[in-house]
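Structural overview for review
Here's the letter readout for the chains.
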Amino acid sequence: MAGSPGPSALHSSFDLIHARSCHKCNQRKTRCSKTLPCTSCFKLGVECVFPPPGRAPRRKKRALKAELVSRVKYLENRLQGLGEEAKRPQTPHSNHGDSNTEDISLISDVVSPLKFPKDKKITSGKNGPFGQLITDDEGRQYVEHEALIGFQNEITSISSREPSTREPKESHSQGKTSSTCMFGFRALAKSLHGLNPPPLTSRLLWGIYERNVAPLVSILHKPTIHRLVRKAATNAEFLDSTDEALVFAVYFAAIASMKPEDCLEKWKTDHDTLVQHYRFATEQALARADFLKTRSLVVLQALMVFLTALWRAEDGRFVWAMTSVVYRLAQGSGLHRDGSKLGLSPFETEMRRRLWWYIYLLDAQSSEAQAIGRLIYEGTYDTKLPLNVNDDDIFPEAMEPFTERTGFTEMTFCLIRCEINIRSRQLCGNTKPSLTPRRPGIEETENNLNEINSFMEKTHLQFCDLNVPIQCTAATITRIALARSWLIAHFTLITNGELSTDRWQQRRETLFQTAIDVLEFTHLLETSTETADWIWLFKMYRQWHALVFILSEICVRPASTIADRAWLIANLTFQHWQQDGPPKGWVLWKPLSRLFERATSKRTEQQGVLDIEQLEKDLQLPVSFSVDSLQISPVWASQNPGLGSMEQMPAAGIDTSSMDIYREIMRDAGSIFDWDDNQA
């Protein structure tokens, strides 16, 4: 604006000062110097126009109560109209597009005073209602209320708080939190500074986590967490509450995965004391992060790592109850919707997938232990499986989708577990909750398992090097899971009295041999030096289906080599369960204990005083994994190298009394087979 007077000259001329702000400042909501031109317009180089002199005309305001009553009545009328419209039968030729648009437009007129921003896009799930992620400084929240999301794409926040009215977020919440009620008095501490381990211990715990936990539980991105743990080791006081919870969860998982003798050797402290210390610290950190109200992915990761490591005999029911909390929090954050459809970055999408699928696995595991149906069923989510990649292949700054690897990666073990669960349930038709689930016949089950076996071999197992412990473990678990599924299909018929005598005669020996095989391979996983670092996870899965059947058979079988082998592995399995502590509240433990006593009496009657150690030496249980026995072919087939043919086994006649024993135990336990499960 050449030739125009400067701001100082304007301020010195009283005649040029106006009583009201100029139009531009009024529009921009900025302070006006009320000079001509005003300081703001002069700096912007725009024309400065003032309103005419005199007082601004007052807008006629309606009484607040009258305005609210008017809006409520309008909304009631609209909802009533929508309800009547929903009751009317719809024809295939009716076009609802125009009416839906009109409804959204009319309702938007009512809510328009909220003035939500319009920079968020609406996304829809594959098999469910529309959904949208709302982002603010507390994290992400998922909403799928169709009426809300249809308001012309205006909703981006649950709250309409203005930024200027927000209170500053503290790094550590010191106020009241509802999360403390989940852990009782243990979550009342104000500071966790004294609970942090020394720097050297912190680095050791991270190394233990990488070795014992990370290969089996791939929830976290190791490079990212490694940097976080290094920060915690040197500057723990600068961690915010979310990162603090995750770091303590990592510490706790590392300690929980260790063997008691290793704890004594490294820190001269017994395992239980260390577990209690880091459990206390993790619960404190989760409560301080207010996990019950969280929308933070980091806090959910911490909670999942904590619950996975907490899965022990005395904490099984607590983990099961907490799984429902995690599931609700995951729903609230939209983890059941794939991040690629929500406009998220490739890295965040991948981390959300990992977290969701470990929630899925924990739900399956904890539900089985409590003999109750799952929370998560197929069709209630569209989150894709994680990519088959290593942690070094993905990074937060990526803008393009990641490329999957071919072969065995750090995520393959997780993918195998997920694939077995999903495909077993899909092929058996148990994808929805039902009081009367459909039970496929034996032939259909075998065909389905053959399909799963072929898929797993083609997709993952052909790449397994059985000389590498984690890859050999993946192959073994696949074999156990498929054999277990085949056993359960028959056991369900036995429990319900639907297995014919002819079919029982045909399958009895194969069932007996397969059950022995399942227990022996499970025992090998728990005792082999090759898998010693991961025993903490294997002990979470109790193959009680096979054990109950073997004990039922021992009660009626004559003495034989195969009966001796069955008794040896059954006795070892039961004794290990007793040493670990019977699961608290497990409905099967009492009837199983009575059955074991009955089988013990039968064996004593047959052979006098039992010498388990001598029997173990005579039969030579496998102490390492045989490549031939781990070939992934149908374990129920007579040609399987790990199983003898039926002709080679001693004939047991057509005695069905073991069926009656098995049925009695299951009914005594409360009919556990009313639900399906295929664990991996």
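Quantities reported herein were computed from a predicted structural model and do not represent experimental measurements. (Residues numbered from 1 in each chain as written. Predicted model: local features only at pLDDT ≥ 70, side-chain atom pairs only at ≥ 80, totals over all residues. Heavy atoms only, no water.)

Examining the environment of S33
Following the sequence through the fold, S33 ends up in the loop between helix 2 (23–28) and helix 3 (39–44). Using a relative accessible area of 24% as the deciding quantity, one classes S33 as partly exposed. Linking S33 and C22, residues 11 residues apart in sequence, is a C-alpha distance of 8.9 Å. Side chain to side chain, S33 and T35 meet in a polar contact 3.0 Å long. Among the polar contacts made by the side chain of S33, one reaches the main-chain amide nitrogen of T39 at a distance of 3.0 Å. (Helix = DSSP H or I, 4+ residues; strand = E, 2+ residues; numbered from the N terminus. Buried < 20%, exposed > 50% of the residue type's maximum accessible area, 1.4 Å probe, protein only. Polar contact = N/O pair within 3.5 Å; in protein donor to acceptor, adjacent residues only side chain to side chain.)

Some points on unusual backbone geometry
Between L36 and P37 the backbone carries a cis peptide bond, its omega angle lying at -10°. Even without a glycine there, the phi angle at K268 is positive, about 55°. Along the chain, K268 falls in the loop between helix 10 (260–267) and helix 11 (271–288). Notably, D290 is not glycine yet its phi reads approximately 55°, a positive angle. Inspection of the secondary structure assignment puts D290 in the loop between helix 11 and helix 12 (297–310). When its relative accessible area of 18% is taken as the criterion, D290 is described as buried.

Brief notes about the nonpolar core
Grouped together as the largest cluster of nonpolar side chains are 130 residues, with contacts concentrated most on Y209, L307, I550, L551 and L592. In terms of residues, this core owes the most to one element, helix 9 (residues 241–256), which gives 12 residues. Excluding its chain neighbours within four sequence positions, the residues that come into contact with L307 are F318, V319, M322, V326 and L362. (Core = buried A, V, L, I, M, F, W, Y, C linked by side-chain atoms within 4.5 Å. Contact = heavy atoms within 4.5 Å.)

A word on helix 8 (residues 222–235)
Along an α-helix, residues three or four apart share an orientation, since each turn contains 3.6 residues. Between the first and last C-alpha of helix 8 there are 19 Å, a value that for 14 residues agrees with the 20 Å anticipated at 1.5 Å per step. Restricting attention to buried positions, one finds in helix 8 the residues I225, L228, V229, A232 and A233. Projected down its long axis, helix 8 carries its buried residues within an arc of 140°, all on one side. Considering only its buried residues, helix 8 is in contact with helix 7 (199–213) and helix 9. (Expected span 1.5 Å × (residues − 1). Arc of directions from axis to C-beta.)

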